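Results of the structural survey
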Amino acid sequence: DPKLTKKLVKRGITELVTPGVALSDNVLNYKENNFLASVHFGRTAYGVSFLDISTGEFLVGEGTADYVEKLLGNFQPKEVLYERQRKHDFERYFGSRYCVFELDDWVYTEETAQQRLLRHFGVKSLKGFGVAHMHSGITAAGAILQYLELTQHTQIGHITTLSRIEEDKYVRLDKFTIRSLEIIQPMQEDGRSLLDVIDRTVSPMGSRLLRRWLVFPLKDQKPIEERLDVVDCFFRQPDFRQTIDEQLRRVGDLERIVSKVAVGRVSPREVVQLRVALQAVEAIKEACQQLGAGSASISSLSSLTSPTSFSSPGYAALHQIGQRLELCEAIRDRIGREVKPDPPQLVQKGGVMADGVSPELDELRHIAYSGKDYLLQIQEREAQLTGIQSLKIGYNNVFGYYLEVRNTYKDKVPQEWVRKQTLAQAERYITQELKEYEEKILGAEDRILSLEAQLFAALVADIQQYIPQIQADAMLLAHLDVLLGFAKTAEEHHYVRPVIDSSEVIDIRQGRHPVIETELPVGEQYIPNDILLDNERQQIMIITGPNMAGKSALLRQTALVVLLSQVGCFVPAETAKIGLVDKIFTRVGASDNISLGESTFMVEMTEASNILNNVSPKSLVLFDELGRGTSTYDGISIAWAIVEYLHEQPKARARTLFATHYHELNEMEKNFSRIKNYN
């Protein structure tokens, strides 16, 4: 501290700010995670790791280059680390669109990485995290911790766990599909994405989780049903829904506040917000437990669908969430006692700690802020003693407090007063008493600021003990927020609960495109459509029709209804029976990538071959206008061959929608039993 030394102050770098390790609110977007990624080119597999230092989320995965590229596309990291010698490989597999940083090769050794992770988490083995077998993933994760050390981010107590990205739990969406279905971002600047339409979350944590869920839909029936059950409860219980909604609005960005506590950068206002959030947690816990215990009444909304008993799984799930929420009452009440309700943003401004926290602080405040009364007393006393009626006490920066005497009363000034300044109409004097008091006041203000800073730092250090509990609360609240948002969307846009099973049938009655229907001019209705796909009778639908007839809309709406179902959201349809899909593939529209030397035709063939190499009988495939950018008969031949492969190859018998202008393909219906023509 420069104030405490008379000599030169040692200077040094305190922190390096890079896109992947930013903590400042000015840089971070509250609606999305700020991931730092690390990629390791292993011998048998590619390892990848993601860390959001602003929330403490730390993830690890490994697989093929294709799988890692998909994860990078889904997580959209702000910065990617890799080994310096691997620059060429990185650009070949993952392109040059990321902000990157190259690290030395010794960072990417498994031994170094393992030691670093074990030391950080304070464990003997990584088996407890379920990642011990992921050698390439561990190497990538260790490199991230090395990078944090390099950028002087040493206070990382909020990174409390390392989670595995489980490939087999999520529907595979490649980057073409995420882009062409406009799940997260619209293709046109003034367009709207699926996220824009269904995002009704009220907390930043919920907003970030929803983004994650949309690019990682589930493919196991049980967790999907659990989400749908909770949405159902919210849908049927408007009073409960309103209570939770009101409380979630008070929570703020609990996840990032608690991360700032860990790195010691939390402001007094954020600490007060933490208290408000923990009060809201208590109200949410109470509401969930009451509902789960069956004390709420089923509302009139239940007439929309068949009434549900309070033993339904959704109520039990909400009850369980209520039980898992931690109140952290001790620290919440302590913040309430120790911090003023409306403190300044910076501790250095003072006025942060409440009265009664420290007797020394209260005494200093009394000296510093009740000084005027004491000065008035001196003024009155001296005026009476000397008979100088117009005596005034003033202050200036040059010689501090002084007594001002008009020239009329100059002869009444006592001898012990020391003259300091002569003015045209008056003279100014100082006394020993005034000097002593001045030292007391001026010293008090500095002492108050340093004492408040100490008391606040002690409070923050004690809040750090509660980081794991508060992080767990933030995660549960984010879940509630997203599922509540789904219920709001369902009510607003008239969505229904889909029926999920493990069959190979997709049967959507009167389905609508969730985005297009909200964008239509007032008074214009979206024309709903029925879709039936099953691998036994109608596996491939070939759809023809004029331009602007809605072929592309139909394809995309089918994919979006399936996606929303497997995210755990209600869907825009009259009824929807969804046989779970493991992958969604789309080949939509004509686009080129000239900068990488790829023509329209080349892009299309690359995407088509990616589909045919990865498709399975549980997949959903959408082809829109295949065979562009080449001559008519070549285009038809390619399209025909691909459809025939999807029909005949047992490993590739996926449910397929094929929109085309090639009417010649309608001939296929005669030769192949599971191909049907629609117009």
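Residues numbered from 1 in each chain as written. Predicted model: local features only at pLDDT ≥ 70, side-chain atom pairs only at ≥ 80, totals over all residues. Heavy atoms only, no water.

Scanning the chain from N- to C-terminus turns up 22 helices and 20 strands. In terms of C-alpha radius of gyration, the chain reaches 34 Å, well past the compact-globule figure of 26 Å for 679 residues. By the burial criterion, 53% of the 679 residues in the chain qualify as buried. Here the chain has roughly 31900 Å² of accessible surface; of this, 50% comes from carbon and sulfur atoms. Across the chain, the 78 positively charged side chains and the 92 negatively charged ones have centroids separated by 3 Å. (Helix = DSSP H or I, 4+ residues; strand = E, 2+ residues; numbered from the N terminus. Rg over C-alpha atoms; globule rule 2.2 N^0.38 Å. Buried < 20%, exposed > 50% of the residue type's maximum accessible area, 1.4 Å probe, protein only. Areas by Shrake-Rupley, 256 points an atom, 1.4 Å probe, with all protein chains shown as cover. Lys, Arg positive; Asp, Glu negative; His and termini not counted. Charge placed at Lys NZ, Arg CZ, Asp CG, Glu CD.)

For L195, the location among the structural elements is in helix α6 (residues 194–198). With 13 residues separating them in the primary sequence, L195 and E182 have C-alpha atoms 8.5 Å apart. Contact partners of L195, with chain neighbours within four places excluded, come to I183, I184, L210, R211 and L214. (Contact = heavy atoms within 4.5 Å.)

Moving on, we get to the packing of aromatic side chains. Going through the model one piece at a time under the given rule, you end up with 22 aromatic pairs. Note on F399 and Y402: the rings are 5.9 Å apart at their centroids and 65° apart in plane angle, and the pair reads as edge-to-face. Its relative accessible area of 8% is what places Y402 among the buried residues. Put simply, the rings of F41, Y46, Y82, F90, Y93 and F94 touch in pairs and so form one group of aromatic residues. Above the ring of W213, the side-chain terminus of R227 is found at 3.5 Å from the ring centroid. (Phe/Tyr/Trp six-rings, centres within 6.5 Å; stacked < 30°, edge-to-face > 60°. Lys NZ or Arg CZ within 6 Å of the ring centre and 35° of its normal.)

Right, let's get into the nonpolar core. In terms of nonpolar packing, the biggest core is built from 148 residues, with F50, L72, L214, F234 and F486 touching the most fellow members. The leading source of residues in this core is helix α17 (residues 467–493), at 13 residues. Beyond its immediate chain neighbours, meaning those up to four positions away, L214 contacts L173, I183, I184, L194, L195, I198, L563, L564 and V567. One finds I53, Y108, A113 and V131 within the second-largest nonpolar core, a separate group that totals 29 residues. (Core = buried A, V, L, I, M, F, W, Y, C linked by side-chain atoms within 4.5 Å.)

Turning to the pattern of salt bridges, a few remarks are in order. This model, assessed by the stated rule, comprises 47 salt bridges. R249 is the partner of D245 in a salt bridge, and the nearest nitrogen-oxygen pair spans 3.3 Å. On the criterion of helical spacing, the pair formed by D245 and R249 is a turn pair, its members being four residues apart in helix α9 (residues 238–251). D245 gets classed as buried once you look at its relative accessible area, which sits at 14%. What emerges from the salt-bridge pattern is a single network uniting E225, D229, D232, R236 and R497. (Salt bridge = Lys/Arg side-chain N within 4 Å of Asp/Glu carboxyl O.)

Moving on to helix α4 (residues 135–150). The end-to-end C-alpha distance of α4, which contains 16 residues, comes to 23 Å, matching closely the 22 Å that a straight helix rising 1.5 Å per residue would cover. For α4, the buried fraction is high: 13 of the 16 residues fall into the buried class. Immediately beyond the C-terminal end of α4, within one or two residues, lies Q152, with a positive phi of roughly 65°. (Expected span 1.5 Å × (residues − 1).)

With that out of the way, let us pick up helix α10 (residues 254–262). It helps to recall that an α-helix has 3.6 residues per turn; residues three or four apart then point in one direction. By the criterion of burial, α10 is predominantly enclosed, with nine of the nine residues buried. For α10, the full list of buried residues reads L254, E255, R256, I257, V258, S259, K260, V261 and A262. Packing partners of the buried residues in α10 comprise β2 (46–52), α7 (204–215), α9, α11 (268–292), α16 (432–463) and α17. One or two steps after α10, the chain reaches G264, where phi turns positive at roughly 70°.

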